[in-house]
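Notes for the structure review
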Amino acid sequence: MSVWAVLAAAGRGERLGDDRPKAFARLGDLPLVAEPLRRLEESEWIDGIIVAAPAGWEEPCIVLAEELGAGKVSSVVAGGETRAASVRNALDEVPDSAAVVLVHDAARPLVDDDVIGRVLAPLSEGFDGAVPVLALTDTVKRVRHDEVVETLDRDGLVVSQTPQAFLADVLRRASSGEGTDCASLVEAQGGRIKAVPGDPRLLKVTSQDDLDLVASWL
Ligand code: C5P
């Protein structure tokens with residue numbers, strides 16, 4: 001089973017307050033994107049990698065991949081306006097021979113083989129895709145103009161993370177849609193998605209505090 005990874009690294013990361021895109025914010029001594037790239041490169045599950053880089057940052061991404069010795073990286077493409085568009089651009093470069101595509105946010109640097117194995121397993125059990133999830137521990141409310149309008153029933157609600165794994169043909173068919181993760185596109189097409197245990201360390205970096213926390217876990 002040939003597994004290709006799409007690394008979505010094309011976000012602007014404005015919330016980090018940096019002049020560089022988030023993928024190039026410093027994590028330790030290297031740009032943030034180096035950590036997930038190295039981990040995907042070293043993963044025994046992954047055969048090839050396509051990176052969606054911020055437009056204009058393709059070249060620094062290629063140089064970084066070379067410096068890391070990331071020989072599985074076959075293309076670095078420019079991302080799009082939305083995450084879904086970035087994933088579409090990358091998917092265009094995934095070879096037809098790929099049976100499975102694993103889509104991962106570069107903003108979640110600490111991906112590892114345990115969670116990759118957990119999302120790949122359901123694809124051999126009749127599922128179209130799998131996502132890592134974490135249970136909600138806080139009470140969830142809907143707020144409009146700073147006023148609480150509803151408290152949701154937390155039962156059965158989870159937050160979803162990446163890496164998310166899909167049968168390649170299913171993801172390709174669903175990829176013309178828009179959504180904040182790939183599973184939602186496949187769900188919209190009636191695909192069956194398995195929820196597997198996530199990992200708190202797959203925190204998505206959105207602020208400098210997140211970056212400092214992830215750096216402390218390195
Ligand atoms: O913006 P957000 O933090 O939700 O982005 C999640 C992931 O998707 C990040 O790794 C980001 O680089 C990526 N992304 C992308 N192209 C975009 C927007 C986000 O690849 N246009």
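Note that the structure is predicted; figures quoted are calculated from it, not measured. (Residues numbered from 1 in each chain as written. Predicted model: local features only at pLDDT ≥ 70, side-chain atom pairs only at ≥ 80, totals over all residues. Heavy atoms only, no water.)

As for the nonpolar core
Ranked by size, the top nonpolar core spans 33 residues in total, and within it L40, I49, V51, V73, L102 and L120 carry the most contacts. If you list the elements that add at least two residues to this core, you get β1 (3-8), α1 (34-42), β4 (48-53), α2 (58-68), β5 (73-78), β6 (100-105) and α4 (113-120). Tallying contributions element by element places α4 first for this core, with four residues. The next biggest cluster of nonpolar side chains, apart from the first, holds 23 residues, and it includes A52, A90, F166 and V186. (Core = buried A, V, L, I, M, F, W, Y, C linked by side-chain atoms within 4.5 Å. Buried < 20%, exposed > 50% of the residue type's maximum accessible area, 1.4 Å probe, protein only. Helix = DSSP H or I, 4+ residues; strand = E, 2+ residues; numbered from the N terminus.)

Remarks on unusual backbone geometry
In this structure, P163 follows T162 across a cis peptide bond, with omega equal to 15°. Here P163 lies in the loop between β10 (158-160) and β11 (164-167). With a phi close to 50°, H145 is a non-glycine residue in the positive phi region. Mapping H145 onto the fold places it in the loop between β8 (141-144) and β9 (147-151). Despite not being glycine, D146 shows a phi value in the positive range, around 65°. Summarising the element assignment, D146 is placed in the loop between β8 and β9. Its relative accessible area of 79% is what places D146 among the exposed residues.

Observations regarding the packing of aromatic side chains
All chains considered together, the criterion is met by one aromatic pair. With a centroid separation of 4.7 Å and 35° between ring planes, the pair formed by F24 and W57 is classed as tilted. Taken together, the positions of F24 in the loop between β1 and β2 (26-27) and W57 in the loop between β4 and α2 put the pair 33 residues apart, joining distant regions of the chain. Here R192 stacks its cationic end above the ring of F127, 4.2 Å away from the centre of that ring. (Phe/Tyr/Trp six-rings, centres within 6.5 Å; stacked < 30°, edge-to-face > 60°. Lys NZ or Arg CZ within 6 Å of the ring centre and 35° of its normal.)

Concerning the pairing of β11
Direction of pairing for β6 relative to β11: antiparallel, over a ladder of four bridges. Within β11, the residue paired with L102 across the bridge is A165. As defined by bridge partners, strand β7 (residues 129-135) adjoins β11 across two bridges and the pair is classed as antiparallel. Bridging from a neighbouring strand, G129 pairs with F166 of β11. (Pairing = 2+ DSSP bridges.)

A word on the pattern of salt bridges
A full pass over the atoms with the stated rule returns nine salt bridges. For E35, the salt bridge is made with R39, and the minimal N-O distance between the two is 2.8 Å. Residue E35 and its partner R39 are both found in helix α1; the two are separated by four residues, about one turn of the helix. The shortest N-O distance in the salt bridge between E178 and R88 comes to 2.9 Å. Of this pair, E178 sits in the loop between α5 (168-174) and α6 (182-188) while R88 sits in helix α3 (residues 83-91), placing them 90 residues apart in sequence. What makes R88 partly exposed here is its relative accessible area of 24%. Within this structure, E35, R38, R39 and E42 form a network of salt bridges that share partners. (Salt bridge = Lys/Arg side-chain N within 4 Å of Asp/Glu carboxyl O.)

Describing helix α7 (residues 208-217)
A turn of α-helix holds 3.6 residues, and therefore any two residues three or four places apart point the same way. Turning to α7, its buried residues number three or more, namely D210, L211 and V214. Taken end-on, α7 shows its buried residues confined to a sector of 100°, consistent with a single buried face. Among the exposed residues of α7, those pointing more than 90 degrees away from its buried face are D209 and S216. On its buried side, α7 packs onto β2. (Arc of directions from axis to C-beta. Contact = heavy atoms within 4.5 Å.)

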